[in-house]
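Structure assessment
Given next are the chains, with one letter for each unit.
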Amino acid sequence: MKDNPLGTEDNPGTGTEILRMKGITKDYVMGEEISHVLKGIDLSVREGEFLAILGPSGSGKSTLMNMIGCLDTPTSGEYYLNGKRIADQSEASLAHIRSKEIGFIFQSFYLLQRQTAFQNVELPLIYANMPDRERKRRVREVLAKVGLADKMDHYPNQLSGGQQQRVAIARAVANNPTILLADEPTGALDQATGRQVMELFHSLNDEGRTIIMITHDRKIAEHADRIVSILDGNISEGDLDDA
Amino acid sequence: MHRGLLIQSFKMSLENIISNKMRSFLTMLGIVIGVASVIGLITIVQGVSTTVMGQFSDLGAGTLTVNAQGTYLKRGLTDSDLNELRQVPGVEGISPTVSLSTSAVFGNTVAENVSVEGKDLIYFQQNDVVYSGRSFNTGESDGNVMVCIVDRKFVRNVMNGVQPIGNTVRLAGYDYQIIGVLKPSNSLTSAFVDTSNIDGNVIIPYRNALKMSGAANVTSAEVYVQQGAVTADVEAGLRTALDNIYNEADNSYSIFNMESLMDTMNTVQGMLATMLGGIASIALLVGGIGIMNMMLVSVTERTREIGLRKALGAEPLRIQLQFLIESVTLSMIGGIIGVAFGLLIAYIGAMAMDAKFTMSGEAILLGVGFSAGVGILFGWAPARRASRLNPIDALRAE
């Protein structure tokens, strides 16, 4: 699977296209200098894919992640997410799109320290206006899925790093997003724990969840079915060093 | 706005307030002090003015006092003049008032300085002043029967505490039978006029007093206004009648209207309350600035949290609402505590000043409303700032 070409027409078996980027650029103006962080990204992701975006720091991968996660809007180019055009959207509608389409997983977990695991997972569901009873049920369900059914009332500082990241993963999948977007998900974990997180990703992917993982770590990237490399704001299919 | 959304925001606010106990407490203290001083001062002013008004109204609300010195040709008011005044529309009745000072003898005690007032029967119908015994009856009021009503001071000073009713006392050389005892007076006269050199007060029928004073005519009378009649109209009617009596001579009479005095007092009290409230609300303003400061610090501290919340799908409006609710909750808690403290201060103040303590719903509403307003006003800018944070920058913040 890993070596599958991008080809959207010749490999329809991997599911319908849920993400399409065409000629995405992003410029940042710093004083009088304009830095071109993304220089025309073309990317297509199909439903059920496990994609790794591999690149060193400064390659523009974080900017690309923000773009995919609708946290930022491109300078030019077209971006369609689940059929919706992500440009000229208001802040409020971007928030709705994030709520519905994207599940974020961050390198340093970003759990609210003063809230329990349960409350942390509940948060995106509150923002999605899910009714009370359904919401509680859903939180229990996803926490059980990541193996933390017995740690629901623990605060983040009572959990290990791996457990915290699993809470974060539960939070990301809680609202059933179109894409799970992970930014260096194992970056703050030791190897063994990182491997467990990757196994969790695999099982989520096996259930049909689309995962996009951003990493600089080739070993981690190799867990994905497909790798695209980003370097200097340009994207190319596959691991550049494999060539 | 979704109801559950508000509840959630409120819960989050409470959690944040509780998790920063010390800071929340200190911030709240500003509001507590502000609201407490506003409520305390307003309640004290209201209580004092209720008390003062009560005393004034004891003195005779709905009563006009006519002072008629008359002219060189015609001094005071004759019986027929008084009857003419009684005919003025809206007049319930008129009690001529004669005041003098004389000597009193009881047993071996001789008191040189006893205050004697001559009153009419209607005075007792209009004013509830008799503590025990009775007031005059019709015959006593109209004729020259020698009966009197004394106050407790008289009983104490002149009669050495002897049971007064039924006893006889000698006033200005005439024997008067005591038929009643007056209630202790708590009217303002006792506060304004030094009465320490007076041995006691006695009320006798006004015709007797007139004779005792040696004057031919009454120069002062209390005019009682009928229920429902407009005091100002009655006053105008009296002026017409008096102008007629004195041929419109200048300075021949004056009419004192207690009601207009009370109106003036009310205005003064309102101004006082506004002024003191205004001064106290400076404290509230300072408290509000405290809230704003805390909220700004809170927004800065929680920048990353705000970014995260946005990434998890929180709309800008929700972030704004959350911070706004937080500042309103904070200041309202302060406001409620402040109202409680303010009422306590007012209660203690009222006790100390011997004034009436009235818990006014207005003041409570004002305090709670004010603090909510302060919360919105000073929470607005920080909440707005939070809602406008760029999620990327916010997430990147250390």
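Residues numbered from 1 in each chain as written. Chains lettered and ligands numbered in written order. Predicted model: local features only at pLDDT ≥ 70, side-chain atom pairs only at ≥ 80, totals over all residues. Heavy atoms only, no water.

A few words on the overall build of chain B. Each helix and strand in chain B was counted, giving 14 helices and 11 strands. With the C-alpha coordinates of chain B rotated into their principal frame, the extents come out at 105 × 50 × 35 Å. Looking at the 398 residues of chain B, the share that counts as buried comes to 48%. Partitioning the contacts of chain B with sequence separation of at least 6, the portion at a separation of at least 24 is 81%. (Helix = DSSP H or I, 4+ residues; strand = E, 2+ residues; numbered from the N terminus. Buried < 20%, exposed > 50% of the residue type's maximum accessible area, 1.4 Å probe, protein only. Contact = heavy atoms within 4.5 Å.)

Let us now look at the interface of chain B and chain A. Often the size quoted for an interface is simply the accessible area lost on bringing the parts together. Taken together, the contact between chain B and chain A spans 26 residues of the former and 23 residues of the latter. Both faces combined, the contact of chain B with chain A buries some 2300 Å², and carbon together with sulfur accounts for 58% of it. For the chain B face of the interface with chain A, the top three residues by lost area are L308(B), L312(B) and I392(B), together amounting to 25%. For the interface between chain B and chain A, the tally reads 1 salt bridge. A salt bridge links K310(B) to E91(A); the shortest N-O distance between them is 3.8 Å. Along the contact surface separating chain B from chain A lie 8 residue pairs in polar contact (both at pLDDT 80 or more). Listed by contribution, the elements that provide at least two residues to the side of chain B that touches chain A are helix 1 (3-19), helix 11 (303-311), helix 12 (316-353) and helix 14 (391-396) of chain B. Taken together, the residues that form the side of chain B that touches chain A break down as 10 nonpolar, 7 polar and 9 charged. (Buried area = accessible area lost by both parts, 1.4 Å probe. Salt bridge = Lys/Arg side-chain N within 4 Å of Asp/Glu carboxyl O. Polar contact = N/O pair within 3.5 Å; in protein donor to acceptor, adjacent residues only side chain to side chain. Nonpolar A, V, L, I, M, F, W, Y, C, P; charged D, E, K, R; others polar.)

As a further point, take the packing of aromatic side chains. Throughout the structure, instances matching the rule amount to 6 aromatic pairs over all chains. Arranged with centres 6.2 Å apart and planes meeting at 55°, the rings of F50(A) and F201(A) form a pair that is tilted. Residue F50(A) is located in strand 3 (residues 50-54), and its partner F201(A) is located in helix 6 (residues 191-206); the two are separated by 151 residues in the primary sequence. Its relative accessible area of 0% is what places F201(A) among the buried residues. Judged by centre distance (5.2 Å) and plane angle (85°), the ring pair of Y347(B) and F357(B) falls under edge-to-face. Of the two residues, Y347(B) is situated in helix 12 and F357(B) in the loop between helix 12 and helix 13 (361-388); the sequence distance between them amounts to 10 residues. Taking relative accessible area as the criterion, Y347(B) reaches 40% and is therefore assigned partly exposed. Aromatic ring contacts, followed pair by pair, group F104(A), F106(A) and Y110(A) into a single cluster. Here the basic side chain of K119(B) rests over the ring of Y123(B), its NZ or CZ set 4.3 Å away from the ring centre. One cation-aromatic arrangement involves R152(B) over Y131(B); the distance from NZ or CZ to the ring centre is 4.1 Å. (Phe/Tyr/Trp six-rings, centres within 6.5 Å; stacked < 30°, edge-to-face > 60°. Lys NZ or Arg CZ within 6 Å of the ring centre and 35° of its normal.)

Residues and elements named next belong to chain B. Their axes nearest at 9 Å, the elements helix 10 (residues 258-301) and helix 13 cross at an angle of 30°. When the interaxial angle is binned, helix 10 and helix 13 end up roughly parallel. At the point where helix 10 passes helix 13, the crossing takes the right-handed sense. Contacts between helix 10 and helix 13 involve S281, L284, L285, G288, I289, M292, M295, L296 and V299 from the former and F370, V374, F378, A381, P382, R385 and A386 from the latter. Residue composition of the contact of helix 10 with helix 13, grouped by class: 13 nonpolar, 2 polar and 1 charged. (Axes fitted to C-alpha atoms, helices over the stretch in contact; angles between N-to-C directions. Parallel < 35°, antiparallel > 145°, perpendicular 65-115°, else oblique. Left-handed = near helix turned anticlockwise from the far one by under 90°.)

Turning our eyes to something else, we now look at a nonpolar patch on the surface. A cluster of nonpolar side chains, I337(B), F341(B), L344(B), I345(B), Y347(B), I348(B) and M351(B), forms an exposed patch at the surface whose accessible area comes to about 660 Å². Within the secondary structure, I337(B) is located in helix 12. (Patch = residues over 30% accessible without salt bridge, like charges linked within 9 Å, V, L, I, M, F, W, Y side chains within 5 Å. Areas by Shrake-Rupley, 256 points an atom, 1.4 Å probe, with all protein chains shown as cover.)

Quick look at the domain arrangement of chain B now. Segmenting chain B into domains produces domain 1 (3-56 + 263-396), domain 2 (69-95 + 223-252) and domain 3 (98-217). Distance between the C-alpha centres of domain 1 of chain B and domain 2 of chain B: 56 Å. (Domains from an automatic or database assignment.)

A word on the sheet that holds strand 2 (residues 91-96) of chain B. Within a sheet, adjacent strands bond to each other through the backbone by hydrogen bonds, running parallel or antiparallel. All names here are of chain B. Spatial strand order, 2-10-1-11: 4 strands in an open sheet with antiparallel pairing. This sheet does not close on itself; its edge strands, each paired only once, are strand 2 and strand 11 (254-257). Adjacent strand axes in the sheet meet at a mean angle of 25°, parallel and antiparallel pairs treated alike. Where strand 2 lies against strand 10 (residues 220-225), 5 bridges are found, and the strand directions are antiparallel. Looking across to strand 10, one finds that G93 is bridged to Y224. Against the sheet, helix 10 engages strand 1 (63-67) and strand 11, with an angle of about 50° to strand 11. (Pairing = 2+ DSSP bridges.)

All names here are of chain A. Orientation of helix 5 (residues 161-174) relative to helix 6, taken along the N-to-C sense of each, is 20°, at an axis distance of 10 Å. Our classification of the angle between helix 5 and helix 6 gives roughly parallel. The chirality of how helix 5 crosses helix 6 is right-handed. Here helix 5 contributes G162, Q165, R166, I169 and V173 to the contact with helix 6, which in turn contributes T193, V197, L200, F201 and L204. Residue composition of the contact of helix 5 with helix 6, by class: 6 nonpolar, 3 polar and 1 charged.

What follows concerns the side chain of N257(B). All names here are of chain B. Among the secondary structure elements, N257 is positioned in strand 11. N257 gets classed as buried once you look at its relative accessible area, which sits at 11%. A polar contact of 3.0 Å, which involves the side chain of N257, links it to the side chain of E235. Those residues within four positions of N257 in sequence are excluded, and the remaining contacts are L64, T231 and E235.

Further remarks concern the pattern of salt bridges. If charged atoms from side chains of opposite charge come close, those side chains can pair. Following the criterion strictly, the structure yields 28 salt bridges over all chains and no others. For K100(A), the salt bridge goes to E101(A), with nearest N and O atoms at 4.0 Å. A residue is classified by how much of its surface remains accessible, and K100(A), at 52% relative accessible area, is exposed. The exposure class of E101(A) is buried, given its relative accessible area of 1%. A salt bridge links R170(B) to D175(B), with the nearest nitrogen and oxygen atoms 3.1 Å apart. Its relative accessible area of 45% is what places D175(B) among the partly exposed residues.

Residues and elements named next belong to chain B. Tracing the backbone through its elements, the reader meets V66 in strand 1. By relative accessible area, which is 0% here, V66 ends up buried. Sequence separation between V66 and R239 is 173 residues, and the spatial gap between their C-alpha atoms is 9.7 Å.

By volume, the second largest pocket is sized at about 450 Å³. Taken together, 22 residues form the lining of the second largest pocket, with L111(A), L112(A), Q113(A), R302(B) and E305(B) sitting closest to its centre. Those elements that provide at least two residues to the lining of the second largest pocket are helix 1, helix 10 and helix 11 of chain B. The greatest single-element share of the lining of the second largest pocket, amounting to 5 residues, is contributed by helix 11 of chain B. Partitioning the lining of the second largest pocket into residue classes produces 6 nonpolar, 8 polar and 8 charged. (1 Å grid on protein atoms, 1.4 Å probe; cavity = no way out; pocket = protein on both sides within 12 Å on 5 of 7 lines; lining within 4 Å. Points joined across faces, edges and corners; volume = space filled by probe spheres on them.)

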